[in-house]
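This is what each chain is made of:
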Amino acid sequence: MEKQSVVLRFPKTLLEKVDKYKEQKGFGTRTQTIFHLLQVALEQSEHQEKESNSSPT
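From a predicted model like this one, the values you see are computed outputs, not experimental measurements.

J.: Describe the side chain of K22, naming the residues involved and giving the relevant values.
T.: With respect to the secondary-structure elements, K22 resides in helix 1 (residues 12-25). Of the residues examined, K22 reaches a relative accessible area of 14% and is grouped as buried. When near neighbours in sequence (up to four residues on either side) are disregarded, K22 contacts F27, G28, T29, R30 and T33.

J.: Report on the pattern of salt bridges, specifying residues and quantitative values.
T.: Enumeration over the complete set of coordinates arrives at two salt bridges. D19 serves as the salt-bridge partner of R30, at 2.6 Å between the closest nitrogen and oxygen. Of this pair, R30 sits in helix 2 (residues 30-54) while D19 sits in helix 1, and the two are eleven residues apart along the sequence. Between K22 and E23 there is a salt bridge, with its nearest N and O atoms 2.8 Å apart.

J.: Outline helix 1, supporting the account with residue identities and numerical values.
T.: For helix 1, which comprises 14 residues, the first-to-last C-alpha distance of 20 Å matches the rise-based estimate of 20 Å (1.5 Å per residue) to within 8%. By the burial criterion, the buried members of helix 1 are L15, V18 and K22. Seen along its axis, helix 1 keeps its buried residues to an arc of 55°; they face one direction. When the buried face of helix 1 is taken as reference, the exposed residues oriented beyond 90 degrees from it are T13, K17, K20, E23 and Q24. Those residues of helix 1 hidden inside the fold are in contact with helix 2.

J.: So what's going on with the environment of L15? Residues and values would help.
T.: Positionally, L15 belongs in helix 1. Along the chain, L15 and I34 lie 19 residues apart, while their C-alpha atoms are 9.5 Å from each other. Once you skip the residues sitting within four places of it in the chain, L15 turns out to touch F10 and R30.

J.: Describe the environment of Q4, and please don't skip the residues or the numbers.
T.: Position of Q4 among the secondary structure elements: in the segment before helix 1. Residue classification places Q4 among the exposed residues on the basis of a relative accessible area of 72%. Expressed as a C-alpha distance, the spacing of Q4 and S54, which sit 50 residues apart in the sequence, is 35 Å.

Reading guide: rules and limits
- Residues numbered from 1 in each chain as written.
- Predicted model: local features only at pLDDT ≥ 70, side-chain atom pairs only at ≥ 80, totals over all residues.
- Heavy atoms only, no water.
- Helix = DSSP H or I, 4+ residues; strand = E, 2+ residues; numbered from the N terminus.
- Buried < 20%, exposed > 50% of the residue type's maximum accessible area, 1.4 Å probe, protein only.
- Contact = heavy atoms within 4.5 Å.
- Salt bridge = Lys/Arg side-chain N within 4 Å of Asp/Glu carboxyl O.
- Expected span 1.5 Å × (residues − 1).
- Arc of directions from axis to C-beta.

Interpretation note: all reported values are geometric properties and have no functional meaning in isolation.
Right, here's the structure in full:
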């Protein structure tokens, strides 16, 4: 997978939550944690979209 650098600014309170999640789940870095959280959120979003598209109206 090709990687690209991105610079982001987050509210301090959000980073505190990310850091707490990192420690709870045992991730090595904040970057790994954010990457994981983004993947999970995108997968859940895709799953919800598929469910709403297949639901009868």
